[in-house]
Amino acid sequence: MAATQGHGNPNWNRDETILALELYLELNGKIPDTSDPRVQTLSTLLRSLPFHVQAARRPSFRNPDGVAFKLQNLRQVATGKGLSSISKTDTSVWSEFGNHPEAVKALAAKIRTAAETLDDLKSDNDLSEEFREGRLLTEMHKRRERSPKIRHALLKARRAKGTLQCDVCSCTATVLDAALEDAIFEAHHLIPISESGENKTKISDVALLCANCHRLVHRAIAREKRWLPMSEAKAILRLRGVP
């Protein structure tokens, strides 16, 4: 049994681990008792997140014992001492954020805000496209990109300049009907929601991508665990026939 799973509960995901890491760093590596209010507060938050609705009904799910156990996992990653069985998520999150407590604090705050905004997650959410900020902020980012208002404004601005064209592969619509030509294009935010926050989106903040390139760019961002400017995304994708 993996140390971070516990009693048949789902494995801890990236968002949950980041929230636990915030507490671990605040405690300076000292593991408190399960009766500690900070442990109980985190337990309550984790049980309210829209990830494992069915599992959250079980008393054992992310309870204070489980939170304290996770803190021990993180201590083992940080110090090499203690529990011997840790998850890849623990290792990955510590590697990226363990030495950046202020970044963890800021990111955890945004995750909590997103949790208050999102009542549920799309069932078709592709975890291979999950950004380093975690699933909640990835979902927030994608929902913002699907905003009809932003997409309409972007299409209008691009049409004023000429033919609609993907900013990555340079493809144009293959249909002559102007009412259909924009169907292949989507808006891609150039700044992640973890940085832009709730600021109003400007046309200069979004790129116009065909649906295929948009999916590829999101997959590349998830794989690289960092945000990619368009020039770097094109270089990483190495699309055939695209300079």
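Nothing here was measured: the structure is a model prediction, and the numbers come from that model.

**A closer look at unusual backbone geometry**
In step 1: At Arg62, a position not held by glycine, the phi torsion is positive, near 45 degrees.
In step 2: Relative to the assigned elements, Arg62 resides in the loop between α2 (37-48) and α3 (64-79).
In step 3: Unusually for a residue other than glycine, Lys225 sits at a positive phi of about 60 degrees.
In step 4: Counting through the fold element by element, Lys225 comes out in the loop between α9 (211-224) and α10 (230-237).
In step 5: Relative accessible area serves as the criterion here: at 35%, Lys225 is assigned to the partly exposed category.

**Observations regarding α2**
In step 1: With 12 residues, α2 extends 17 Å between its outermost C-alpha atoms, agreeing within 8% with the 16 Å of an ideal straight helix rising 1.5 Å per residue.
In step 2: Every buried residue of α2 is listed here: Val39, Leu42, Ser43 and Leu46. End-on view of α2: buried residues confined to an arc of 105 degrees, all on one side of the axis. Seen from the buried face of α2, the exposed residues on the opposite side, beyond 90 degrees, are Pro37, Thr41, Thr44 and Ser48.

**As for the nonpolar core**
The tendency in soluble globular proteins is for nonpolar side chains to be buried as a group.
In step 1: In terms of nonpolar packing, the biggest core is built from 32 residues, with Leu21 and Leu136 touching the most fellow members.
In step 2: Elements with a contribution of two residues or more to this core: α1 (14-26), α2, α3, α4 (88-97), α5 (101-117) and α6 (135-145).
In step 3: Setting aside its immediate chain neighbours within four residues, Leu136 contacts Asp15, Leu49, Pro50, Phe51, Ile111, Ala114, Ala115, Leu118 and Leu121.
In step 4: With 25 residues, the next largest nonpolar core counts Leu154, Val168, Ala173 and Leu228 among its residues.

**Thoughts on the pattern of salt bridges**
In step 1: Applying the stated criterion across every chain yields a total of 16 salt bridges.
In step 2: A salt bridge links Asp182 to Arg159; the nearest nitrogen and oxygen atoms lie 3.5 Å apart. Of this pair, Asp182 sits in the loop between α7 (148-161) and β1 (185-189) while Arg159 is found in helix α7, placing the two residues 23 residues apart along the sequence.
In step 3: For Arg226, the salt bridge identified is with Glu232, shortest N-O distance 2.5 Å.
In step 4: Classification of Arg226 by relative accessible area gives partly exposed; the value is 35%.
In step 5: Through salt bridges with shared partners, a single ionic network connects Arg223, Glu224, Arg226 and Glu232.

**So, the pairing of β1**
In step 1: With respect to burial, β1 is a largely interior element, 4 of its 5 residues being buried.
In step 2: Sheet topology note: the β1/strand β2 (residues 206-210) ladder contains 5 bridges and is antiparallel. Residue pairing in the sheet places His188 in a bridge with Ala207 of β2.

**Details of the packing of α1 against α3**
In step 1: Between α1 and α3, whose axes approach to 10 Å, the crossing angle comes to 75 degrees. Taken together, the axis directions place α1 and α3 in an arrangement best described as roughly perpendicular. On α3, the residues touching Thr17, Ala20, Leu21, Leu23 and Tyr24 of α1 are Lys70, Leu71, Leu74, Arg75, Ala78 and Thr79.
In step 2: Along the lines of polarity and charge, the residues of the contact of α1 with α3 split into 7 nonpolar, 2 polar and 2 charged.

**Some remarks on the confidence of the model for the protein**
In step 1: Summary statistics for the protein give a mean pLDDT of 86 and a share of 89% for residues scoring 70 or more.
In step 2: No element of the protein has a lower mean pLDDT than helix α8 (residues 193-196), at 71, and none a higher one than α1, at 97.
In step 3: Counting interchain partners and residues more than four positions distant, the pLDDT-below-50 stretch residues 1-6 has 14 contacts.

**A few points about the packing of aromatic side chains**
In step 1: Using the criterion set out here, one finds 2 aromatic pairs in the structure.
In step 2: Here Tyr24 and Trp94 contribute two aromatic rings whose centre-to-centre distance is 6.2 Å and whose plane-to-plane angle is 80 degrees, an arrangement assigned as edge-to-face. Of this pair, Tyr24 sits in helix α1 while Trp94 sits in helix α4, and the two are 70 residues apart along the sequence.
In step 3: The buried category is assigned to Trp94, whose relative accessible area is 17%.

Cut-offs applied
Residues numbered from 1 in each chain as written. Predicted model: local features only at pLDDT ≥ 70, side-chain atom pairs only at ≥ 80, totals over all residues. Heavy atoms only, no water. Helix = DSSP H or I, 4+ residues; strand = E, 2+ residues; numbered from the N terminus. Buried < 20%, exposed > 50% of the residue type's maximum accessible area, 1.4 Å probe, protein only. Expected span 1.5 Å × (residues − 1). Arc of directions from axis to C-beta. Core = buried A, V, L, I, M, F, W, Y, C linked by side-chain atoms within 4.5 Å. Contact = heavy atoms within 4.5 Å. Salt bridge = Lys/Arg side-chain N within 4 Å of Asp/Glu carboxyl O. Pairing = 2+ DSSP bridges. Axes fitted to C-alpha atoms, helices over the stretch in contact; angles between N-to-C directions. Parallel < 35°, antiparallel > 145°, perpendicular 65-115°, else oblique. Nonpolar A, V, L, I, M, F, W, Y, C, P; charged D, E, K, R; others polar. pLDDT = per-residue confidence, 0-100. Phe/Tyr/Trp six-rings, centres within 6.5 Å; stacked < 30°, edge-to-face > 60°.

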